[in-house]
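A closer look at the structure
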Protein chains: 2
Amino acid sequence: MADPPTRSEPTTPRKTSEPPGPRLSRALILDRAIRLIDAQGVTALTMRALGASLGVEAMSLYRYVNGREDLLEGVVEQLVGSIEVEPGERMEPNDGWQAFLQWFAHDVRRLALEHPAAFPLIATRHPAAPWLRPPLRSLRIVEAFLNGLRERGFTDHQAVTAYRSFSSFLLGHLLLECAMSCVGTSFAEEPVDEGNADLPNDDAQLDLTDYPTVARLQPQLTEDHTRAEFEEALEHLLVRMDLEMSQ
Amino acid sequence: MADPPTRSEPTTPRKTSEPPGPRLSRALILDRAIRLIDAQGVTALTMRALGASLGVEAMSLYRYVNGREDLLEGVVEQLVGSIEVEPGERMEPNDGWQAFLQWFAHDVRRLALEHPAAFPLIATRHPAAPWLRPPLRSLRIVEAFLNGLRERGFTDHQAVTAYRSFSSFLLGHLLLECAMSCVGTSFAEEPVDEGNADLPNDDAQLDLTDYPTVARLQPQLTEDHTRAEFEEALEHLLVRMDLEMSQ
DNA sequence: ACCTGAACACCGTTCAAGT
DNA sequence: ACCTGAACACCGTTCAAGT
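1. What about the packing of aromatic side chains?
Counted according to the given criterion, the structure contains 20 aromatic pairs over all chains. Seen from their ring centres, Phe169 of chain B and Phe230 of chain B are 5.2 Å apart, and the 35 degrees between their planes marks the pair as tilted. Placement of Phe169 of chain B in helix H7 (residues 156-182) and of Phe230 of chain B in helix H9 (residues 226-245) is noted, with a sequence separation of 61 residues between them. As far as burial versus exposure is concerned, Phe169 of chain B and Phe230 of chain B are alike and both buried. One aromatic cluster is present, formed by Phe100, Trp103, Phe104, Phe145, Tyr163, Phe166, Phe169 and Phe230 of chain A through successive ring pairs. Sitting over the ring of Phe230 of chain A, Arg109 of chain A keeps its end group 5.2 Å from the ring centre.

Here you go:
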């Protein structure tokens, strides 16, 4: 903790190219783990690989992290922690709850798109309590979510109901969007086979002869409208909430 | 492929208690793998454990399965294959598209609730093509889905749009429902610590002192209304589709 | 044809030992 | 206090060898 930020790099350089490295720390380890997941996928996040990427042996990590499960838990915590919870300056406090939810939704979406390889962890790892729903799975965020809505006129019951439907909405849309953005990225478990590189991309060689409708509609199925779908579905969710509130 | 279905079971019994076992086969292996996942979770599905549960060494599996990745792929395929795609007798062919989608949604939900531990695989493993969206991620199902809607009056474009919004809806709701039903089941990575069993269940000991609103609303947050939420959200999705079609 | 023993590379994890 | 070497149990996978 009491480390000089950057002197003239007196730290003894080790064998591989690690950063100047103000020694090890849990935060540093989690940061590096997230970067590793982003670059190579979750399965590449190995205690040994993570250690090596920090210029250290795997065993050193166990001082700061309680095993691999705890490491992944920490990664999720760190990522979810990056969700802004206090509306910034761009958000007037007297804007309605619709603006609040719009802003919230887009902040979670930003997180998902920045870390598409890590988002499935946020989505599928068991939360601390069963009523903490991914991706809004931290007490801090749920508290802010509920308060944000109550300050804007929601009753207790309406806020809780909104938390539920909002979670489902975010989970479904963002997980799909991540799945699509992960295909074709550096997710190949094995290095790309260059021998038969005459196959341009890996989705064209599906045999569609038995599925005429899919074959006919493939161009339209291939179009990516995830952004627009997200906005539309969000808009409709807000309309739906509005209807349910006034009844 | 050309195997006698069931004779008088002449197969020699081996050491442990495995079923009469008409020899090994890919289908038998996948069945057993699914049962193992249901009972102990995905991480417990090990080549060695799976082999042992079939009364065989792990290496034998490699005759029928192309490694663990292929095994998991086969599990997903098998599960998705269990989704009925031709409306049964209960469904009149002249029922509207709403009835068709209702029936379809509930069949996928049945699959998710029958295999809550396996559903995250269906949800997050990369599909064969990026435009095949979980959980409707097989050509057979997409073909049936599109045809089912077209036979009931959808245009091509409307059917494709419906496929997209329907996938997001199912994914979000069912994944959340699975997460909730997996908490507290046989998902403990380690055998439950019986030493300090004075903690009744594992969600009560969260420190809520810094989160007054969550603390106050915890009873309502804990209520499980997943079933009703599913039905309501589905109803609203259908209404929304109806509106968009007539405009 | 179908299964296995032995072996290899890699993984998570522990712990006594180094500095 | 912080890191490491050595070791252990377990994993996926290959392959020559058994029957």
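2. Here we look at the domain arrangement of chain A
Residue and element names in this part refer to chain A. Looking at chain A, the domain boundaries give domain 1 (26-79) and domain 2 (82-185 + 208-246). Taken together, the contact between domain 1 and domain 2 spans 11 residues of the former and 12 residues of the latter. Each partner contributes to the roughly 1000 Å² buried at the junction of domain 1 and domain 2, and carbon and sulfur atoms together form 61% of this total. Per-residue buried area on domain 1 facing domain 2 is highest for Asp38, Val76 and Leu79; these three make up 54% of the total on that side. Inspection of the domain 1/domain 2 interface yields three salt bridges. Linking Glu69 and Arg125 is a salt bridge whose minimum nitrogen-to-oxygen distance equals 2.9 Å. Counting the contacts that link domain 1 with domain 2 gives six residue pairs in polar contact (both at pLDDT 80 or more). Among the secondary structure elements, those contributing two or more residues to the side of domain 1 that touches domain 2 are helix H1 (26-40) and helix H3 (68-81). In terms of residue count, H3 provides more of the side of domain 1 that touches domain 2 than any other element does, six residues in total.

3. Here we look at the protein's contact with DNA strand D
Within the structure, DNA strand D sits among 16 residues, and Glu57, Ser60 and Tyr64 of chain A together with Arg48 and Arg68 of chain B are positioned closest to it. Between DNA strand D and Tyr62 of chain B there is a distance of 3.0 Å, counted from a phosphate oxygen to a side-chain nitrogen or oxygen. Residue composition of the surface near DNA strand D, grouped by class: seven nonpolar, three polar and six charged.

4. Things to note about the packing of helix H4 (residues 97-114) of chain A against helix H7 (residues 156-182) of chain A
Residue and element names in this part refer to chain A. One way to put it is that H4 packs onto H7 with a least axis distance of 10 Å and a crossing angle of 30 degrees. For the crossing formed where H4 meets H7, the hand is right-handed. Every residue of H7 that contacts H4 at Leu101, Phe104, Ala105, Val108, Arg109, Ala112 and Leu113 is listed here: Phe166, Leu170, Leu174, Glu177 and Cys178. Looking at the contact of H4 with H7, its residues break down into 10 nonpolar, no polar and two charged.

5. Considerations on the interface of chain B and chain A
Contacts between the two partners involve 56 residues from chain B, matched on the other side by 56 residues from chain A. Interface area lost by chain B to chain A is led by Trp131, Leu176 and Leu221 of chain B, which between them contribute 13%. Across the pair Glu229 of chain B and Arg164 of chain A runs a salt bridge whose closest N-O atoms are separated by 3.3 Å. The interface formed by chain B and chain A holds 20 residue pairs in polar contact (both at pLDDT 80 or more) in total. Counting only elements with at least two residues in the side of chain B that touches chain A, the list comes to helix H5 (119-124), helix H6 (139-151), H7, helix H8 (212-222) and H9 of chain B. At 14 residues, H7 of chain B tops the list of elements feeding residues into the side of chain B that touches chain A. Partitioning the side of chain B that touches chain A into residue classes produces 26 nonpolar, 15 polar and 15 charged.

6. Examining the nonpolar core
Grouped together as the largest cluster of nonpolar side chains are 146 residues, with contacts concentrated most on Phe145 and Phe166 of chain A together with Phe145 and Phe166 of chain B. Beyond its immediate sequence surroundings of up to four residues, Phe145 of chain B is in contact with Phe100, Leu101, Phe104, Leu136, Ala159, Ala162, Tyr163 and Phe166 of chain B.

7. Focus: the relation of the copies chain B and chain A
Placing chain B over chain A gives an RMSD of 0.0 Å and needs a rotation angle of 180 degrees, together with 0.0 Å of translation along the axis. Given the turn and translation reported, the copies of this chain are related as if by a two-fold rotation axis. Of the C-alpha atoms belonging to chain B, the one lying closest to the rotation axis is found on Gly172 of chain B, 1.8 Å away. By residue overlap, the copies meet face to face through one surface: 100% of the interface positions of chain B are interface positions in chain A.

8. Concerning the environment of His106 of chain A
Residue and element names in this part refer to chain A. Residue placement: His106 occurs in helix H4. Of the residues examined, His106 reaches a relative accessible area of 27% and is grouped as partly exposed. Through-space distance from the C-alpha of His106 to that of Leu243 is 22 Å; in sequence the pair is 137 residues apart. In contact with His106, not counting residues within four places along its chain, are Phe230, Glu231 and Leu234.

9. Considerations on the protein's contact with DNA strand C
What surrounds DNA strand C is a group of 16 residues, the closest being Arg48 and Arg68 of chain A together with Glu57, Ser60 and Tyr64 of chain B. Sugar plus phosphate: this is where 49% of the atoms of DNA strand C within 4 Å of the protein reside. At 3.0 Å, a backbone N or O of Met47 of chain A approaches a phosphate oxygen of DNA strand C. At a separation of 2.9 Å, a phosphate oxygen of DNA strand C approaches a polar backbone atom of Glu57 of chain B. Classifying every residue of the surface near DNA strand C gives seven nonpolar, three polar and six charged.

10. A word on the confidence of the model for chain A
Residues and elements named next belong to chain A. The pLDDT averaged across chain A works out to 85; a share of 79% of its residues lies at or above 70. When the criterion is pLDDT under 50, residues 1-21 qualifies, and its contacts beyond four places in sequence or with other chains add up to 12 contacts. pLDDT under 50 marks residues 184-203. Its contacts with residues more than four places away, or in other chains, come to 12 contacts.

Reading guide: rules and limits
Residues numbered from 1 in each chain as written. Chains lettered and ligands numbered in written order. Predicted model: local features only at pLDDT ≥ 70, side-chain atom pairs only at ≥ 80, totals over all residues. Heavy atoms only, no water. Phe/Tyr/Trp six-rings, centres within 6.5 Å; stacked < 30°, edge-to-face > 60°. Helix = DSSP H or I, 4+ residues; strand = E, 2+ residues; numbered from the N terminus. Buried < 20%, exposed > 50% of the residue type's maximum accessible area, 1.4 Å probe, protein only. Lys NZ or Arg CZ within 6 Å of the ring centre and 35° of its normal. Domains from an automatic or database assignment. Contact = heavy atoms within 4.5 Å. Buried area = accessible area lost by both parts, 1.4 Å probe. Salt bridge = Lys/Arg side-chain N within 4 Å of Asp/Glu carboxyl O. Polar contact = N/O pair within 3.5 Å; in protein donor to acceptor, adjacent residues only side chain to side chain. Near = heavy atom within 4 Å. Nonpolar A, V, L, I, M, F, W, Y, C, P; charged D, E, K, R; others polar. Axes fitted to C-alpha atoms, helices over the stretch in contact; angles between N-to-C directions. Left-handed = near helix turned anticlockwise from the far one by under 90°. Core = buried A, V, L, I, M, F, W, Y, C linked by side-chain atoms within 4.5 Å. Least-squares fit on C-alpha atoms with pLDDT ≥ 70 in both. pLDDT = per-residue confidence, 0-100.

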